[in-house]
Amino acid sequence: MAKITGHKSTIFFNLVLILFFVLKVSVVESGVVGRVPSAKPGLVCDKVVGVKSGDTCLAIAEQFKLTTEAFHFINPNLNCDALFVDQWLCIAGKST
């Protein structure tokens, strides 16, 4: 009985070892490991302001002499209908 239990343990260990190596090879082959992401063009925000109660996107843009187009360019994905107090908005930035 002891030999059968030991044999099952060896089979289980070998199966786990094989699965580990298969997983390792698949990760390495996918190129995920050791890959350095390339620099993508983006936006650098140079100055921010915190939203205060009653602020709107238009009021903040006007306060800092920004066109609405410039304001939305430096604040991509901003939902002006859902501003909240202390939310950081970019008021000066540039694309890289």
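Just above, that's the structure.
Residues numbered from 1 in each chain as written. Predicted model: local features only at pLDDT ≥ 70, side-chain atom pairs only at ≥ 80, totals over all residues. Heavy atoms only, no water.

Brief notes about the overall build of the protein
At step 1: If you tally the helices and strands in the protein, you get 3 helices and 2 strands.
At step 2: Reading the protein from its N end, one meets helices and strands in the order α-β-α-α-β.
At step 3: Counting across all 96 residues of the protein, residues that qualify as buried make up 15%.
At step 4: In the protein, the share of contacts with a sequence separation of at least 24, taken over all contacts with a separation of at least 6, comes to 66%.
At step 5: Accessible surface, the protein: about 7800 Å² in total, of which carbon and sulfur atoms supply 66%. (Helix = DSSP H or I, 4+ residues; strand = E, 2+ residues; numbered from the N terminus. Buried < 20%, exposed > 50% of the residue type's maximum accessible area, 1.4 Å probe, protein only. Contact = heavy atoms within 4.5 Å. Areas by Shrake-Rupley, 256 points an atom, 1.4 Å probe, with all protein chains shown as cover.)

Regarding the environment of V85
At step 1: Assignment of secondary structure puts V85 in the loop between α3 (68–74) and β2 (88–95).
At step 2: Residues V85 and S53, spaced 32 residues apart in sequence, show a C-alpha to C-alpha distance of 5.7 Å.
At step 3: Leaving out residues up to four positions away in the same chain, V85 has contacts with V51, K52 and S53.

Quick notes on the nonpolar core
Most often, soluble globular proteins keep nonpolar side chains buried together rather than apart.
At step 1: Within the largest apolar cluster, 9 residues are counted, these being V49, V51, C57, I60, A61, F71, L78, L89 and I91.
At step 2: When residues of this core are traced back to their parent elements, those giving at least two are α2 (57–63) and β2.
At step 3: Considering each element in turn, this core owes the most residues, 3 residues, to α2.
At step 4: Residues in contact with C57, not counting those within four places in the same chain, are F71, L78, C80 and L83. (Core = buried A, V, L, I, M, F, W, Y, C linked by side-chain atoms within 4.5 Å.)

Topic: unusual backbone geometry
At step 1: Of note, the phi angle at K65 is positive, near 55°, even though the residue is not glycine.
At step 2: Summarising the element assignment, K65 is placed in the loop between α2 and α3.
At step 3: Residue K65 is classed as exposed on the basis of its relative accessible area of 74%.
At step 4: Residues other than glycine seldom take positive phi values, yet D86 does so here, at roughly 75°.
At step 5: Tracing the backbone shows D86 in the loop between α3 and β2.

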